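Understanding the architecture of this molecule
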Amino acid sequence: MADVKKIATREGYGQALVELGREHDNIVVLDADLAGATKTGTFKKAFPERHLNFGIAEGNMMSAAAGLATTGLVPFASSFAMFATGRAYEQIRNSIGYPHLNVKVCASHGGISVGEDGASHQCCEDYALMRSIPGMVVMSPADNVEAIAMVKAAYDYEGPVYIRTGRSAVPVFHGEDFHFEIGKGEVVREGADIAIIANGLMVYEAMKAGEVLANEGINAMIINMATIKPLDEELVLAAAKKCGKVITCEEHSIIGGLGEAVCSLLSEKLPTPVKRIGMNDEFGRSGPAAELLQHYGLCAENIVKVTKEFIEK
Amino acid sequence: MTELEKRELQIMACKVRIGIIDSTNAAKCGHPGGSLSAAEMFTYLYQKELNVDPKNPKWADRDRFVLSKGHTAPGLYSALAYKGFFPVEDLLTLRKIDSYLQGHPNMAMVPGVDMSTGSLGQGISSAVGMALGLKLQGKSPRVYTLLGDGEIQEGQVWEACMSASHYKLDNLCIIVDNNSLQIDGNIRDVMSPYPIVDKLQAFGFHTIAIDGHDFDAIEAAFAEAKTVKGQPTAIVMKTIKGKDVSFMENEAGWHGKSTNPAEYEIAITELKAKLNELEGK
């Protein structure tokens, strides 16, 4: 796993938009003065007339996206995760979610890997906010290949979707033949000693942890749960049944995200001990992304540590 | 318009008002005040202005109307019912648990409702999106949205106005119902949005100030709006909250409550007397 190419998932978003734009006239892309950062600027270069800047006014952008959708267009509305899902939560809930309109909210800069900008820009609550809206699909890709496939799947799906991409470059581990399906988890490593369910950049960290653990005789089943809602219940239950213990890993608060989705399912259908790795109900801080991920335990080393302690119990 | 046409519109506005009182009375709640103030506007929009087809509510080339002040759904539902989108008697199911007539409009449930609204400030943004979407696709329908004068205290309204003017949406006409009252009292005392016309002008709108109970003025304003190119139009209409129900007129307390049986009798008697007078009975 040494020489892996690294690309930020937001790059895949921009690339997928351009590819979709070539095939479909009905795509419009909305941004709130962050086109360079969210990578909708890539689409703007190719299709300037279909790129709509709404300025620094995310609430208006989301409700306008709803209006655009009613005219038969497919709007992809972008900002940073903090402002898309935080600032404009209620617009997404009432203008997009309630009438179940075909709007794709695609936010970049999720989690603490935003880095130096600090806690005000490090959104670790977006899954929680978006999961709580009835009918909303919530996803986050683990690498660039998955990001491209996910954005295309979101276009093909009729209804509101939230996709979170990241700012930092992350290893690309999927091959070009990768197939993505909304609501289906992906077993990236087989094992029976413990199930590690991760998403976003934590998938690769879990995979690295899996190698270390294997060297120590612990065979972890590792799942990339790119769709948080609807959760792949069948796969979670099968993994819990097979392994008996589950660890969740996400670059998000342990409140309301993937970990809680897994816990909710298991506590009702197959009570299984779970450990959640994520932001422990705290704000992030400024610093280089890699150092922050280490500091908050969102890294392979911590997954190894938590796994060993959990298994010994 | 001829005097006869005007009389017909006045009769219809009176029926719309009866629908508002009947439906909120049956629901034992709802928002009669701001529905009554906009009764002429609802009536004119659905009887004269909007190119819509009750038999084909989702017709792609229809004009759009977004009730940004969604709490005045009783006024919208009444106008839709009289236009033939659904049976008038269904108005009596307003806000009931098995009714499609939700407390605030739901586009997924009500034929003729073009956008789900209720959270103030969002409807105008959706109307901007509709106008922009139609323009991008080279389509000719126009988009209308009705806002409350209290609603324009929401910052999102001004974000929407900025974007309407930035994108030169001359297919968009916004209407502000200036009935001067909101839940907590006079808008001037709660949080003054005045001067409304000047603000809209500064945000790039072509503005028209009218008496919102005068059908001639409404007709002229919409005709003028259609001649405006390269910018959106705002019609600011002065109205009386609770109009045509004596004890509701200019009373903030009737923003969001319904009549008790005695009040209902007075209200409906007044409106029916007015209807009889208009019909020459």
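Residues numbered from 1 in each chain as written. Chains lettered and ligands numbered in written order. Predicted model: local features only at pLDDT ≥ 70, side-chain atom pairs only at ≥ 80, totals over all residues.

**What about the overall build of chain B?**
Scanning chain B from N- to C-terminus turns up ten helices and seven strands. Taking 281 residues into account, the globule formula puts the C-alpha radius of gyration at 19 Å, and chain B, at 18 Å, falls close to it. Taken across its 281 residues, chain B has 55% of its residues classed as buried. Contacts in chain B between residues at least 24 apart in sequence constitute 76% of all its contacts with a sequence separation of at least 6. (Helix = DSSP H or I, 4+ residues; strand = E, 2+ residues; numbered from the N terminus. Rg over C-alpha atoms; globule rule 2.2 N^0.38 Å. Buried ≥ 20, exposed ≤ 12 C-beta atoms within 10 Å, placed from the backbone. Contact = placed C-beta atoms within 7 Å.)

**Notes on helix H4 (residues 73–83) of chain B**
An α-helix turns once every 3.6 residues. As a result, residues three or four positions apart point the same way. Residue and element names in this part refer to chain B. H4 sits mainly inside the fold: ten of its eleven residues count as buried. Taken together, the buried positions of H4 are occupied by Ala73, Pro74, Gly75, Leu76, Tyr77, Ser78, Ala79, Leu80, Ala81 and Tyr82. Taken together, the buried residues of H4 touch helix H1 (3–27), helix H2 (33–37), helix H3 (39–49) and strand S1 (64–67). With its phi angle positive at about 105°, glycine 84 sits one or two positions after the end of H4.

**Things to note about the domain arrangement of chain A**
Residues and elements named next belong to chain A. By the assigned domains, chain A splits into domain 1 (6–171) and domain 2 (186–312). Distance from the C-alpha centre of domain 1 to the C-alpha centre of domain 2: 25 Å. The partner domain 2 presents 29 residues to the 27 residues of domain 1 that form the contact. Those elements that place two or more of their residues in the side of domain 1 that touches domain 2 are helix H7 (126–131), strand S6 (137–139), helix H8 (144–156) and strand S8 (169–171). Residue composition of the side of domain 1 that touches domain 2, grouped by class: 14 nonpolar, nine polar and four charged. (Domains from an automatic or database assignment. Nonpolar A, V, L, I, M, F, W, Y, C, P; charged D, E, K, R; others polar.)

**Here's the deal with the packing of H1(B) against H3(B)**
Residue and element names in this part refer to chain B. At a closest axis distance of 9 Å, the pairing of H1 and H3 adopts a crossing angle of 120°. Crossing handedness for the pair H1 and H3: right-handed. Contacts between H1 and H3 involve Leu9, Met12, Ala13, Val16 and Arg17 on the former and, on the latter, Ala39, Glu40, Phe42, Thr43, Tyr44 and Gln47. Across the contact of H1 with H3, the residue classes break down as seven nonpolar, two polar and two charged. (Axes fitted to C-alpha atoms, helices over the stretch in contact; angles between N-to-C directions. Left-handed = near helix turned anticlockwise from the far one by under 90°.)

**A short note on the sheet that holds S1(B)**
All names here are of chain B. Strand order in the open sheet made by the five strands is S1-S2-S3-S7-S6, with parallel pairing throughout. Taken across any chain shown, the strands that pair with only one partner, and hence form the sheet edges, are S1 and strand S6 (206–211). If you compare each strand with its neighbour and ignore which way they point, the axes differ by 20° on average. For strand S3 (residues 172–178) and strand S7 (residues 233–238), the ladder comprises six bridges, and the chain directions are parallel. Across the sheet, residue isoleucine 175 finds its bridge partner in S7, namely isoleucine 235. Taken strand by strand, helix H5 (residues 122–136) contacts S1, strand S2 (143–148) and S3, and its axis lies near 170° from that of S2. (Pairing = 2+ DSSP bridges.)

**What to know about the nonpolar core**
Ranked by internal contacts, the top residues of the largest apolar core, which has 188 residues, are A:Ala65, A:Val151, A:Ile196 and A:Ile197. Setting aside its immediate chain neighbours within four residues, A:Ile197 contacts A:Ile223, A:Met225, A:Val236, A:Ala239, A:Val246, A:Thr248, A:Leu258 and A:Val262. (Core = buried A, V, L, I, M, F, W, Y, C linked by C-beta atoms within 7 Å.)

**Remarks on the interface of chain B and chain A**
Taken together, the contact pairs 23 residues of chain B with 22 residues of chain A. Of all the secondary structure elements, the ones that give two or more residues to the side of chain B that touches chain A are H5 and helix H6 (155–166) of chain B. A total of eleven residues in the side of chain B that touches chain A trace back to one element, the largest contributor, which is H5(B). Class assignment for the residues of the side of chain B that touches chain A results in ten nonpolar, eleven polar and two charged.

**Focus: the sheet that holds strand S3 (residues 51–53) of chain A**
Residue and element names in this part refer to chain A. Taken together, seven strands build an open sheet; the order of strands is S3-S2-S4-S5-S7-S6-S12 and the sheet is mixed. Two strands bound the open sheet, and with one partner strand each, they are S3 and strand S12 (227–229). Shown here is a sheet whose adjacent strand axes are inclined to one another by a mean of 20°, direction ignored. Here strand S4 (residues 74–78) runs beside strand S5 (residues 104–107); their pairing, made up of two bridges, is parallel.

**What about H6(B)?**
Residue and element names in this part refer to chain B. Over its twelve residues, H6 runs 17 Å from end to end, which matches the ideal 16 Å to within 8%, given 1.5 Å per residue. Here H6 lies mainly inside the structure; nine of its twelve residues are buried. Following H6 by one or two positions, lysine 168 adopts a phi angle in the positive range, close to 50°. (Expected span 1.5 Å × (residues − 1).)

**Quick word on the pairing of strand S2 (residues 27–31) of chain A**
All names here are of chain A. For S2, the buried fraction is high: five of the five residues fall into the buried class. Here S2 shows two buried faces, one formed by Ile27, Val29 and Asp31 and the other by Val28 and Leu30. Direction of pairing for S2 relative to S4: parallel, over a ladder of five bridges. Residue valine 29 lies in a different strand from S4, and its bridge partner there is phenylalanine 76. Sheet topology note: the S2/S3 ladder contains three bridges and is parallel. Residue aspartate 31 lies in a different strand from S3, and its bridge partner there is asparagine 53.

**Here we look at unusual backbone geometry**
Most peptide bonds adopt trans geometry, and most residues besides glycine take a negative phi value. The peptide bond linking A:Lys229 to A:Pro230 adopts the cis configuration, its omega dihedral lying at 0°. Among the structural elements, A:Pro230 can be located in the loop between S12 and helix H10 (233–243). Of note, the amide linkage connecting B:Tyr194 to B:Pro195 takes the cis form, showing an omega dihedral of -5°. With respect to the secondary-structure elements, B:Pro195 resides in the loop between helix H7 (187–191) and helix H8 (196–202). For A:His100, which is not a glycine, the phi torsion comes out positive at approximately 50°. With respect to the helices and strands, A:His100 occurs in the loop between helix H6 (89–97) and S5. Judged by local crowding, A:His100 falls into the partly exposed class, with 17 C-beta atoms found within 10 Å. Positive phi is not limited to glycine here, since B:Asn250 has a value of about 55°.

**What about the environment of A:Pro230?**
Its 14 C-beta neighbours within 10 Å are what place A:Pro230 among the partly exposed residues. A sequence separation of 95 residues divides A:Pro230 from A:Gly135, and the C-alpha atoms of the two residues are 8.9 Å apart.

**Focus on the packing of helix H4 (residues 58–70) of chain A against H6(A)**
Residues and elements named next belong to chain A. Two elements in contact, H4 and H6, have axes whose closest approach is 9 Å; the angle formed by their N-to-C orientations is 10°. With respect to H6, the axis of H4 lies roughly parallel. For the pair formed by H4 and H6, the contact residues are Gly59, Met62, Ser63, Ala65 and Ala66 on the first element and Gln91, Ile92, Ser95 and Ile96 on the second. Considered class by class, the residues forming the contact of H4 with H6 number five nonpolar, four polar and no charged. (Parallel < 35°, antiparallel > 145°, perpendicular 65-115°, else oblique.)

**Quick word on the confidence of the model for chain B**
On average, residues of chain B score 98 in pLDDT, and 100% of them are at 70 or above. Among the scores for the predicted complex, ipTM is 0.96 and pTM is 0.97. (pLDDT = per-residue confidence, 0-100.)

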